[in-house]
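# Descriptive structure summary
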Amino acid sequence: FGRLKVIVASSGTDGMGDWKTVRRNVVADYRRLFGEEPPQRPLLITLWSDSDDIGDRAEVDIDDLILLPEGGPN
């Protein structure tokens with residue numbers, strides 16, 4: 001796990017309290033960040049919220065996480 005990279009999908013209070021749909025092409029993200037093809041069987045994808053740097057509290061509800069094969073429906 002020595003190659004940690006972070007992609008920030010959203011930040012701040014814009015849209016706070018509303019459900020958001022976030023779509024990412026994780027294969028393209030991986031290629032862009034690491035400059036190589038992703039492993040055939042990834043070990044994990046981590047999602048998190050972080051507020052400790054601003055001394056506040058964060059609350060996150062993640063629902064309906066769907067992973068599609070590359071080239072799947074948009």
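A brief report on the enclosed structure follows.

What counts and how
- Residues numbered from 1 in each chain as written.
- Predicted model: local features only at pLDDT ≥ 70, side-chain atom pairs only at ≥ 80, totals over all residues.
- Heavy atoms only, no water.
- Helix = DSSP H or I, 4+ residues; strand = E, 2+ residues; numbered from the N terminus.
- Rg over C-alpha atoms; globule rule 2.2 N^0.38 Å.
- Buried < 20%, exposed > 50% of the residue type's maximum accessible area, 1.4 Å probe, protein only.
- Phe/Tyr/Trp six-rings, centres within 6.5 Å; stacked < 30°, edge-to-face > 60°.
- Patch = residues over 30% accessible without salt bridge, like charges linked within 9 Å, V, L, I, M, F, W, Y side chains within 5 Å.
- Areas by Shrake-Rupley, 256 points an atom, 1.4 Å probe, with all protein chains shown as cover.
- Salt bridge = Lys/Arg side-chain N within 4 Å of Asp/Glu carboxyl O.

### Details of the overall build of the protein chain
Within the protein chain one finds one helix and zero strands. Computed over C-alpha atoms, the radius of gyration of the protein chain comes to 15 Å, more than 25% over the 11 Å expected from 2.2 N^0.38 for 74 residues, which places it beyond the range of a compact globule. Overall, the protein chain is about 40 × 30 × 20 Å in size when its C-alpha atoms are taken along their principal axes. The buried share of the protein chain, taken over its 74 residues, is 5%.

### Remarks on the packing of aromatic side chains
Under the criterion given, the structure shown has one aromatic pair. Here Tyr30 and Phe34 contribute two aromatic rings whose centre-to-centre distance is 4.5 Å and whose plane-to-plane angle is 40 degrees, an arrangement assigned as tilted. Of the two residues, Tyr30 and Phe34 are both situated in helix 1 (residues 26-34); the distance of four residues between them amounts to about one turn of the helix. Note on Tyr30: relative accessible area 19%, which makes it buried. Accessibility expressed as a relative area gives 22% for Phe34, which makes it partly exposed.

### Some words on a nonpolar patch on the surface
Residues Val26, Ile45, Leu47, Val60, Ile62, Leu65 and Leu67 make up a contiguous nonpolar surface patch of about 680 Å² in total accessible area. Among the structural elements, Ile45 can be located in the segment after helix 1.

### Some remarks on the pattern of salt bridges
On inspection of all chains with the given rule, the structure shows three salt bridges. Linking Asp29 and Arg24 is a salt bridge whose minimum nitrogen-to-oxygen distance equals 2.8 Å. The exposure class assigned to Asp29 is buried, which follows from its relative accessible area of 10%. Exposure remark for Arg24: the relative accessible area of 42% places this residue in the partly exposed category. We note a salt bridge from Glu37 to Arg31, for which the minimum N-O separation is 3.0 Å. For Glu37, a relative accessible area of 52% corresponds to the exposed category. Look at Arg31 and you get partly exposed, because its relative accessible area is 30%.

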